[in-house]
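These are the residues of each chain, in order.
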Amino acid sequence: MDARDKPGMTENVSKERAMNVDIMKVDYSTKIPNNVNLSEDRQVLKALEGWHPGYIDWWNDMGPDGFQQSLVYLRTAYSVDPRGWAKFDYVKMPDYRWGILLAPQEENRVIPFGQHYGEPAWQEVPGEHRAMLRRLIVIQGDTEPASVEQQRHLGKTAPSLYDLRNLFQVNVEEGRHLWAMVYLLQKYFGRDGREEADDLLRRRSGDADSPRMLGAFNEATPDWLSFFMFTYFTDRDGKMQLHSLAQSGFDPLSRTCRFMLTEEAHHMFVGETGISRVVQRTCEAMKAAGISDPFDVAKVRALGVVDLPTIQKKLNLHYTLSLDLFGSEVSTNAANAFNAGIKGRYHETQIKDDHRLQNSTYPVLKLVNGEIKRVDEPALTALNMRLRDDYTQDCIKGLLRWNKIISLAGYDFKLTLPNVAFHRQIGEFKDIHATPDGVLIDEATWNKRKSEWLPSSDDGDFIASLMTPVTEIGEFASWISPPKVGIDNKPGDFEYVKIET
Ligand SMILES: [Fe+2]
Ligand SMILES: [Fe+2]
């Protein structure tokens, strides 16, 4: 039965239903696919169309190196309905339809935290918080193209067509996330928004003169183990930031981030399963060769797989770079953004408290008289620490899965997250050195021992030596297991990328 025929349903309700169905569907008739009615928003459409050629130039210069003519089996969003939003088909990456997709508007949504708690969510930028809001959107926007730039060389060493396709899926979606932020800048921030949108195409990851805004997004992603670690740990920082922005009182930002999270889940899946498959392959190879000591690095490497201690070092690096992305543990910026109703907490609406945090405290790890201690700080200024704690909890899930693979294979080895004082460049511990167990050490000891904990250039050389591309259908490199299931339930011998050079 059509919903409109239901007895008792008022006309207004049925109209709202119809509107929501509209917003679920994406309009592909305009040059820029969207569900925000761009065809009737001429000014913004014009601004976005003006920005489009620069984006394509950026994609051609800084997007995946090679493969631009290849047909890639990609998903594209045709709806924002979480129950079915993507369709899969072969696409040349430059022809991917990057669009503007917002989650449906929630009826009568109110600001869920801060000094405006309970007031109706803003549909326009609140003047008093304009600068802060713009800055947060720009910082989020800057990370999206940065990761594409960082990963641009990886196509050449992909361990399989399946992995190659996943890399490109992540890349085109990070490109779409840039579009998502640029839409907000161009629609809601006028001239300075347009200037910021142009600057997002001007900065380059790792560039000496014009780097990306955040540290981890200027690091190299030299090999596929780094890629998996990046998508597991650094995309997960993205998830936490998007969750906090999805709580925003500025409704268009909230709706944008909510849909981005749908896509982001796949990026972290690529990371988690990628690492699982590397661990799996290593354990299988060690077992087959009768190696009982996982620390016998030379013997394990001779099998053409990545030894577990090196996986731990890569994990240490990417986890700590990602921790730095949360900023200082104690931060007045974070407090201001919360007070203003701009950036909330992870799962804000599910937290049972006053959502204003004027009188509460939160325990923060700090350096006190040369010792790492928990100190109660005002909860408002400790919001970065809280989000980082939520992040760490979220990270642990993958470690449990990876460790299960190792223990099922019969090895006494556990991957662990290093102590938050280890290898930090931002926050409380940036001026000290600590071991992964959190024992403070002096500089000389750090320099002597750091290659036990972080990938050395020798480790990098070894991993690089494994990075020979595998492009035969259904084949995988020696150092990684095939996935358990294919993308879109495709069989193992599916040609995920039809390579054309
Ligand atoms: Fe993203
Ligand atoms: Fe991502």
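Residues numbered from 1 in each chain as written. Chains lettered and ligands numbered in written order. Predicted model: local features only at pLDDT ≥ 70, side-chain atom pairs only at ≥ 80, totals over all residues. Heavy atoms only, no water.

A. Expanded view of the packing of helix 2 (residues 42-62) against helix 4 (residues 161-188). At their nearest, the axes of helix 2 and helix 4 sit 11 Å apart, and the two run at 145 degrees to each other. The two elements helix 2 and helix 4 cross, and the hand of that crossing is right-handed. Taking contact as the criterion, the partners of Val44, Ala47, Leu48, Trp51, His52, Tyr55 and Trp59 in helix 2 are, on helix 4, Asn171, Val172, Gly175, Arg176, Leu178, Trp179, Val182, Tyr183, Gln186 and Lys187. Here the residues of the contact of helix 2 with helix 4 sort into 11 nonpolar, four polar and two charged. (Axes fitted to C-alpha atoms, helices over the stretch in contact; angles between N-to-C directions. Helix = DSSP H or I, 4+ residues; strand = E, 2+ residues; numbered from the N terminus. Left-handed = near helix turned anticlockwise from the far one by under 90°. Contact = heavy atoms within 4.5 Å. Nonpolar A, V, L, I, M, F, W, Y, C, P; charged D, E, K, R; others polar.)

B. Expanded view of the coordination of the iron ion (ligand 2). Protein coordination of the iron ion (ligand 2) is provided by Glu174 (OE), Asp235 (OD), Glu264 (OE) and His267 (ND1), with donor distances spanning 1.8 to 2.2 Å. For the iron ion (ligand 2), the single-chain donor residues occur in sequence as E-x60-D-x28-E-x2-H. A separation of 3.5 Å is found between the iron ion (ligand 2) and the iron ion (ligand 1), both of which receive a donor from Glu174. A residue pair is termed long-range when its members are at least 10 positions apart, and Glu174 in helix 4 and Asp235 in helix 6 (residues 224-246) qualify at 61 residues. Across the pair, Asp235 and Glu174 agree in class, each one buried. (Donors = N, O, S within 2.8 Å, 3.2 Å for Na, K, Ca; no water. Buried < 20%, exposed > 50% of the residue type's maximum accessible area, 1.4 Å probe, protein only.)

C. Local environment of the sheet that holds strand 2 (residues 86-92). Read from one edge of the open sheet, three strands run 2-1-7, paired in antiparallel fashion. Two strands close off the open sheet at either side, each with one partner strand: strand 2 and strand 7 (497-498). As defined by bridge partners, strand 1 (residues 71-77) adjoins strand 2 across seven bridges and the pair is classed as antiparallel. Its bridge partner being in strand 2, Leu71 is matched across the sheet by Lys92. Packing of helix 4 onto the sheet brings it into contact with strand 1, strand 2 and strand 7, and relative to strand 1 it is tilted by some 40 degrees. (Pairing = 2+ DSSP bridges.)

D. Summary view of the confidence of the model for the chain. For the chain, mean pLDDT is 94; residues scoring 70 or higher make up 95% of the total. This model gives residues 1-18 a pLDDT under 50, and the stretch forms eight contacts once residues within four places in sequence are excluded. (pLDDT = per-residue confidence, 0-100.)

E. The coordination of the iron ion (ligand 1), seen in detail. At the metal site, the iron ion (ligand 1) is ligated by Glu144 (OE), Glu174 (OE) and His177 (ND1), and these contacts range over 2.1 to 2.2 Å. Owing to a relative accessible area of 2%, Glu174 belongs among the buried residues under this scheme.

F. Region of interest: the pattern of salt bridges. Under the counting rule described, the total for this entry stands at 31 salt bridges. For Arg75, the salt bridge is made with Glu173, and the minimal N-O distance between the two is 2.6 Å. Pair noted here: Arg75 is in strand 1 and Glu173 is in helix 4, with a separation of 98 residues, a long-range link. Judged by relative accessible area, which is 9%, Arg75 ranks as buried. Taken together, the shared-partner salt bridges connect Arg130, Arg134, Asp192 and Glu196 into one network. (Salt bridge = Lys/Arg side-chain N within 4 Å of Asp/Glu carboxyl O.)

G. Looking closely at unusual backbone geometry. Here Asp488, not a glycine, exhibits a phi torsion of approximately 55 degrees, which is positive. Note that Asp488 resides in the loop between helix 13 (457-466) and strand 7. The partly exposed category is assigned to Asp488, whose relative accessible area is 36%. Not every positive phi belongs to a glycine, and Asn489 is a case in point at roughly 55 degrees. Structurally, the position occupied by Asn489 is in the loop between helix 13 and strand 7.

H. Representation of the side chain of Ser481 within the structure. For Ser481, the position within the fold is in the loop between helix 13 and strand 7. At a separation of 3.5 Å, a polar atom in the side chain of Ser481 contacts the main-chain amide nitrogen of Arg281. Residues in contact with Ser481, not counting those within four places in the same chain, are Arg277, Gln280, Arg281, Glu284 and Phe476. (Polar contact = N/O pair within 3.5 Å; in protein donor to acceptor, adjacent residues only side chain to side chain.)

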